[in-house]
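# Observations on the model geometry
Given next are the chains, with one letter for each unit.
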Amino acid sequence: MSKAKKGISIATLSAGLSSGLSIEVKKSRLGAVMLISGVMSVEELSDTAVIALSHSGRIFIFGERLTVSALEGRTLAVYGKITGIEMAYGRARS
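In short, a report on the structure.

A separate point is the overall build of the chain. Looking only at helices and strands, the chain has one helix and six strands in total. Mapped in sequence order, the helices and strands of the chain form the string α-β-β-β-β-β-β. Looking at the chain as a whole, 27% of its 94 residues are labelled buried. Within the chain, contacts between residues separated by at least 24 positions form 38% of all contacts whose residues are at least 6 apart in sequence.

The structure is reproduced here in structure tokens:
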């Protein structure tokens, strides 16, 4: 005899989905703007690289003339000529 499976409530499911990572990239007159929501902190910041930390892992943004603005709701905006994006989980990239 098997146990009956317990369902997940809508509140639990929606809370888990809303705490995830969301990335949106738009073209701008300065190159591009990348909006990243769910960011906990910024690990590295220079005009050629930005490393953002989230519960889902690290986001590496590479480019030229990069600048960052912190927005409300744990959202980060990265402006500039974005040439590459990488995502990693666990330890920092070596």
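What follows picks up the thread again.
Taken in spatial order, the six strands make up an open sheet running E1-E2-E6-E5-E4-E3, and their pairing is antiparallel. Whereas interior strands pair on both sides, the edge strands pair on one side only; in this sheet they are strand E1 (22-28) and strand E3 (39-45). Across the sheet, the mean angle from the axis of one strand to that of its neighbour is 40°, orientation sign disregarded. With five bridges connecting them, E3 and strand E4 (residues 49-54) associate as antiparallel partners. By the bridge assignment, Glu-44 is partnered in E4 with Ile-51.

The biggest cluster of nonpolar side chains holds 10 residues, and these are Met-34, Ile-36, Val-39, Val-50, Ala-52, Ile-59, Ile-61, Leu-66, Leu-76 and Val-78. Mapped onto this core, the elements with two or more residues apiece are strand E2 (31-37), E4, strand E5 (57-71) and strand E6 (75-88). The biggest single contributor to this core is E5, with three residues. Not counting residues up to four positions away in its chain, the partners in contact with Ile-59 are Leu-21, Ile-23, Ile-36, Val-50, Ile-51, Ala-52, Ser-54, Ile-85 and Glu-86.

Further remarks concern the pairing of E4. Of all six residues that make up E4, six are buried, and the element is covered over most of its length. Remark: three residues form the turn of the hairpin made by E3 and E4, two consecutive strands paired antiparallel. As defined by bridge partners, E4 adjoins E5 across six bridges and the pair is classed as antiparallel. Paired with Ser-54 across the strands is Gly-57, a residue of E5. Count of turn residues in the E4/E5 antiparallel hairpin: two residues.

Time to look at unusual backbone geometry. The phi dihedral of Arg-65 is positive, around 55°, even though this residue is not glycine. If you trace the backbone, Arg-65 turns up in strand E5. You can call Arg-65 exposed: its relative accessible area is 55%.

Rules behind the numbers
- Residues numbered from 1 in each chain as written.
- Predicted model: local features only at pLDDT ≥ 70, side-chain atom pairs only at ≥ 80, totals over all residues.
- Heavy atoms only, no water.
- Helix = DSSP H or I, 4+ residues; strand = E, 2+ residues; numbered from the N terminus.
- Buried < 20%, exposed > 50% of the residue type's maximum accessible area, 1.4 Å probe, protein only.
- Contact = heavy atoms within 4.5 Å.
- Pairing = 2+ DSSP bridges.
- Axes fitted to C-alpha atoms, helices over the stretch in contact; angles between N-to-C directions.
- Core = buried A, V, L, I, M, F, W, Y, C linked by side-chain atoms within 4.5 Å.

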